[in-house]
Amino acid sequence: MPPAPWQDPARPAAARVADLLSRMTLEEKTAQLYGVWVGASTDGDGVAPHQQHMNTDHDWDELITRGLGQLTRSFGTAPVDPALGAQALARAQRRIAAAGRFGIPAVAHEECLAGFTAWGATAYPVPLAWGASFDPALVEAMAARIGRDLRAAGVHQGLAPVLDVVRDPRWGRVEETIGEDPYLVGTVAAAYVRGLQSAGIVATLKHFAGYASSTGARNLAPVRAGAREFADVTLAPFEMALREGGARSVMAAYNEVDGVPAAADPQLLTALLRKRWGFTGTVVADYFGVDFLHSLHRVADDPAGAGRLALAAGVDVELPTVKCYGDDLVAAVRAGTVPESLVDRAARRVLLQKCELGLLDADWTPEPPARDIDLDPPENRAVARRLAEESVVLLTDPDGVLPLAPGLRIAVVGPRAADPLALLGCYSFPAHVGAQHPEAPLGIEIPTVLDALRAELPDAKVTFAEGCQVSGTDVSGFAEAVARAAEADVVVAVLGDRSGLFGRGTSGEGCDVADLTLPGVQGDLLEALTATGVPVVLVLLTGRPYALGRWDGRLGAAVQAFFPGEEGGPAVAGVLSGRVNPSGRLPVSVPRGPGGQPWTYLQPPLGLAGEVSSLDPTPLYPFGHGRSYTEFVWESFAGDEVTEIGTDGSYALSLTVRNTGERAGAEVVQLYLHDPVASVTRPDMRLIGYQRVELAAGESARVTFGFHADLSSFTDRPGRRVVEPGALELRLAASAADVRHTARLTLTGPPREVGHDRRLRCTTEVSAAG
């Protein structure tokens, strides 16, 4: 029997889907618009608040006779052996296909923010560490490995990356972001998307849009960003990840902006995303986000009303389970309160994606490609190690305490030194799910900083004292910690966060903080250690920056690592020993004091320090800052002369970077734009390009940036994106506060309005120095 037209891969996808839709009942079409979360808790909070109210019991056998759009987190709900989990997923898919008239399987989705959120899968560094690496190519390689693991397990869609730009570092989900600059976020996220989708996995951009701009840094709080901030900071990374990464799915955010929830905003999800940007993929709801329109935002009377608002706005798929898009939606369509055309619109998008994934083909099979599935092979760990090493930031080493000399007496102190979970973010499986299953083993090997340092320096005499807990007020361990410090040549104080969810950690989703003081009594412990007079090397394992001005000039050295993953212990130890030459750069500013927030470096003139306020928000360590064990000289700069180009013109500037030290290292050359006068206030500086340059001792390279006037565009008073004529400065810098060379340009000609096809990226080229 020949396949039906919709099953024939030789036909155009749109024609196949049109044929299929014409054969489906209303119930079958709506069934493609929701997922089911099998195994999620229905009698308690489970992973998240409100979960017990959102999950409802379903007759699985009856439900799947209509078909099913998505299967939610088959691997990310409880510890399960990957091979057994893949077989169970295949069985579920066979049942779904067999139960429906058309034999259409579900899209299986999983979280994959810091690796596949599955038991036994590689726990990579968190996105904030990706930003610290300033290495999109390496992030792309990591994402490709994550994608291959997802594909091997039978998963089709990954809920990552997060493109929220940090606006207030007190927000708990800072660890999930790439940084405080939209250009850095956009370029790194686009690389992640390319890597993940190279394996055939649908990447899902989160959270569209404004989530990180919540009032008071509170999770799910209202967003009161202005239109220009929203356009130029919040939306910019999404546009880049769609255009340059080709992302095939977008997740509507929980938040509201100026009273309009994202999941009920047709201007955002349809007018902008689809009509202006040309997006053709699927929009999925954040978990329970459709019903939140009723239960939390209160812009709908009931779940049916919430479903109507979300569907009309452009949310195609309700996740994680059916609440508003099921029988209530069918009844609303039959009653005439929801046009069936909206159901058809969403179902068409979902089925087109299933068609692209091969799920509509007559020869589709759910069987995993291999019976044995290793989600943490040596190749994964090698990429995890390299990314962890590149992401470690040496903040300060004024007296050359680092690298640590062999044979020293080293007192390792602190609550993060001997805990493997200290290295993981809240979306790594052991922290995200494993914490709810303490009886289960970690599933992966995670060397602690203490163990790694002992292995790294076998001739050193290493002692250990915990000193205190991550949070709480108990100081009973201070005496032992101080005693160990007094006996040592150097103290390594390993402090920081415990990742968790909804108040179960000091960093992570729902773990927002009032200020940027180190958690618990860790600051007091550090004070006691510095009082001994023994040099203290501070190692921070955190999900956000913390205020360090209290110890400015009092530390032997300071090292920042943002949850560097399962290989983070050896990476940090390698930096301390000198095996690794640190090359990470700060993706977020490190504040001097715990208050005076929120603040990021993207400030117009009145956002900077000035004489009209007694508060100085200038950070202790600026965005882009990071030190090395070698020295780099920037020379032969070309571009000092004032140059005129048109408002549609281009300009190249270059310099030579020379490693004048005695060991190999990496420099990160950063290009910032300064717009002296504009029709609206502009950030004093903003990143528009960067290049990581790896050089052997004595080696040099020529770095060339290709600037186009489009990169100076911004949203003007009427809401248009324009390139304005006038003076500009292009600043080559080692950080947002360390400008080395400046090129002065004048843009000539009339103001020029630009659109979605404008240039988004500053080209870079690295060549041999002449």
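Residues numbered from 1 in each chain as written. Predicted model: local features only at pLDDT ≥ 70, side-chain atom pairs only at ≥ 80, totals over all residues. Heavy atoms only, no water.

**Quick notes on the overall build of the chain**
Phase 1 of the analysis: When helices and strands are tallied, the chain shows 21 helices and 27 strands.
Phase 2 of the analysis: At 26 Å, the chain has a C-alpha radius of gyration in line with the 27 Å of a compact globule built from 770 residues.
Phase 3 of the analysis: In terms of its C-alpha atoms, the chain occupies a principal-axis envelope of roughly 75 × 70 × 50 Å.
Phase 4 of the analysis: Burial statistics for the chain: of 770 residues in total, 62% are counted as buried.
Phase 5 of the analysis: If you take every contact in the chain between residues at least 6 apart in sequence, the share linking residues at least 24 apart comes to 79%.
Phase 6 of the analysis: Across the chain, the 68 positively charged side chains and the 93 negatively charged ones have centroids separated by 3 Å. (Helix = DSSP H or I, 4+ residues; strand = E, 2+ residues; numbered from the N terminus. Rg over C-alpha atoms; globule rule 2.2 N^0.38 Å. Buried < 20%, exposed > 50% of the residue type's maximum accessible area, 1.4 Å probe, protein only. Contact = heavy atoms within 4.5 Å. Lys, Arg positive; Asp, Glu negative; His and termini not counted. Charge placed at Lys NZ, Arg CZ, Asp CG, Glu CD.)

**Digging into the pattern of salt bridges**
Phase 1 of the analysis: Evaluated as defined, the whole model comprises 48 salt bridges.
Phase 2 of the analysis: Note that arginine 550 and aspartate 524 form a salt bridge whose closest N and O atoms lie 3.4 Å from each other. One end of the pair, arginine 550, is in the loop between strand 14 (536-542) and strand 15 (557-562); the other, aspartate 524, is in helix 20 (residues 522-530), and 26 residues separate them in sequence.
Phase 3 of the analysis: Taking relative accessible area as the criterion, arginine 550 reaches 42% and is therefore assigned partly exposed. (Salt bridge = Lys/Arg side-chain N within 4 Å of Asp/Glu carboxyl O.)

**Comments concerning unusual backbone geometry**
Phase 1 of the analysis: Along the chain, alanine 160 connects to proline 161 via a cis peptide bond; the corresponding omega equals 10°.
Phase 2 of the analysis: One can find proline 161 in the loop between strand 4 (157-159) and helix 8 (182-197).
Phase 3 of the analysis: Phenylalanine 208 connects to alanine 209 through a cis peptide bond whose omega is 0°.
Phase 4 of the analysis: Of note, alanine 217 is a non-glycine position whose phi angle comes to about 65°, a positive value.
Phase 5 of the analysis: On the secondary structure map, alanine 217 appears in the loop between strand 5 (202-208) and helix 9 (227-234).
Phase 6 of the analysis: Residue class for alanine 217 comes out buried when judged on its relative accessible area of 1%.
Phase 7 of the analysis: Positive phi values are uncommon outside glycine, yet arginine 298 reaches one of about 60°.

**Thoughts on the sheet that holds strand 4**
Backbone hydrogen bonds are what pair the strands of a sheet, in a parallel or an antiparallel way.
Phase 1 of the analysis: Across the sheet, which stays open at both edges, the seven strands sit in the order 1-2-3-4-5-6-9 with parallel pairing between neighbours. Strands with a single pairing partner mark the edges of an open sheet, and in this sheet they are strand 1 (35-36) and strand 9 (282-285).
Phase 2 of the analysis: Direction of pairing for strand 4 relative to strand 5: parallel, over a ladder of two bridges. Each bridged residue has a counterpart across the sheet, and for glycine 158 the counterpart in strand 5 is alanine 203. (Pairing = 2+ DSSP bridges.)

**Focus: the sheet that holds strand 22 (residues 714-715)**
Phase 1 of the analysis: The strand order across the open sheet formed by three strands is 22-23-26, and the pairing between neighbours is antiparallel. Whereas interior strands pair on both sides, the edge strands pair on one side only; in this sheet they are strand 22 and strand 26 (752-753).
Phase 2 of the analysis: Pairing geometry for strand 22 and strand 23 (residues 721-723), over two bridges, is antiparallel. By the bridge assignment, phenylalanine 714 is partnered in strand 23 with valine 722.

**Some remarks on the confidence of the model for the chain**
Phase 1 of the analysis: Here the chain averages 95 in pLDDT, and 97% of its residues register 70 or above.
Phase 2 of the analysis: Long-range and interchain partners of residues 41-45, a stretch whose pLDDT sits below 50, account for 10 contacts in this model, where long-range means more than four residues apart. (pLDDT = per-residue confidence, 0-100.)

**Looking at the packing of aromatic side chains**
Phase 1 of the analysis: Scanning the entire structure with this criterion turns up 16 aromatic pairs.
Phase 2 of the analysis: Relative to phenylalanine 102, the ring of tryptophan 6 has its centre 5.9 Å away and its plane inclined at 80°; by these criteria the two rings are edge-to-face. With a gap of 96 residues between them, tryptophan 6 in the segment before helix 1 (13-23) and phenylalanine 102 in the loop between helix 5 (82-99) and strand 3 (107-111) connect regions that are remote in the sequence. We note that tryptophan 6, like phenylalanine 102, is buried.
Phase 3 of the analysis: Centre to centre, the rings of phenylalanine 208 and phenylalanine 238 are 5.0 Å apart; their planes meet at 65°, and the pair counts as edge-to-face. (Phe/Tyr/Trp six-rings, centres within 6.5 Å; stacked < 30°, edge-to-face > 60°.)

**Some points on the nonpolar core**
Phase 1 of the analysis: Formed by 210 residues in total, the largest nonpolar core has its most connected members in Tyr192, Phe208, Val315, Tyr325, Phe707 and Leu730.
Phase 2 of the analysis: Of the residues forming this core, the biggest block, eight residues, is contributed by helix 8.
Phase 3 of the analysis: Residues in contact with tyrosine 325, not counting those within four places in the same chain, are Thr30, Leu33, Tyr34, Val290, Gly307, Ala310, Leu311, Val315, Asp316, Val317 and Glu318.
Phase 4 of the analysis: Counting 35 residues, the second largest nonpolar core, distinct from the first, contains Ala460, Val559, Ala561 and Leu576. (Core = buried A, V, L, I, M, F, W, Y, C linked by side-chain atoms within 4.5 Å.)

**Here's the deal with helix 21 (residues 568-577)**
Phase 1 of the analysis: Helix 21 sits mainly inside the fold: 10 of its 10 residues count as buried.
Phase 2 of the analysis: For helix 21, the full list of buried residues reads Gly568, Gly569, Pro570, Ala571, Val572, Ala573, Gly574, Val575, Leu576 and Ser577.
Phase 3 of the analysis: Residues of helix 21 that are buried in the fold lie against helix 16 (378-391), helix 18 (449-456), strand 13 (490-496), strand 14 and strand 15.
Phase 4 of the analysis: Looking one or two residues past helix 21, glycine 578 carries a phi angle of roughly 95°, positive in sign.

**A word on the packing of helix 16 against helix 21**
Phase 1 of the analysis: It is at 8 Å that the axes of helix 16 and helix 21 come closest, and there the two elements cross at 45°. Here helix 16 lies oblique to helix 21, going by the angle between them. Where helix 16 crosses over helix 21, the two elements pack in a sense that is right-handed. Across from Arg385, Ala388 and Glu389 in helix 16, the residues of helix 21 making contact are Gly568, Pro570 and Ala571.
Phase 2 of the analysis: Looking at the contact of helix 16 with helix 21 residue by residue, the class counts come to three nonpolar, one polar and two charged. (Axes fitted to C-alpha atoms, helices over the stretch in contact; angles between N-to-C directions. Parallel < 35°, antiparallel > 145°, perpendicular 65-115°, else oblique. Left-handed = near helix turned anticlockwise from the far one by under 90°. Nonpolar A, V, L, I, M, F, W, Y, C, P; charged D, E, K, R; others polar.)

**Describing the pairing of strand 15**
Phase 1 of the analysis: Across the six residues that make up strand 15, a large majority, six, are buried.
Phase 2 of the analysis: Taking every second residue as pointing to the same face, both faces of strand 15 are buried, with Ala557, Val559 and Ala561 on one and Ala558, Gln560 and Phe562 on the other.
Phase 3 of the analysis: When strand 14 meets strand 15, the two strands line up parallel, connected through six bridges. The partner of valine 537 across the bridge, within strand 15, is alanine 557.

**Structural notes on the packing of helix 8 against helix 10 (residues 236-243)**
Phase 1 of the analysis: Where helix 8 contacts helix 10, the two axes come as close as 8 Å, and the packing angle between them is 30°. What the angle tells us is that helix 8 and helix 10 run roughly parallel. Between helix 8 and helix 10 lies a crossing of right-handed hand. Residue-level contacts link Pro182, Tyr183, Val185, Gly186, Thr187, Ala190 and Val193 of helix 8 to Ala236, Pro237, Met240 and Ala241 of helix 10.
Phase 2 of the analysis: The class makeup of the residues in the contact of helix 8 with helix 10 is nine nonpolar, two polar and no charged.

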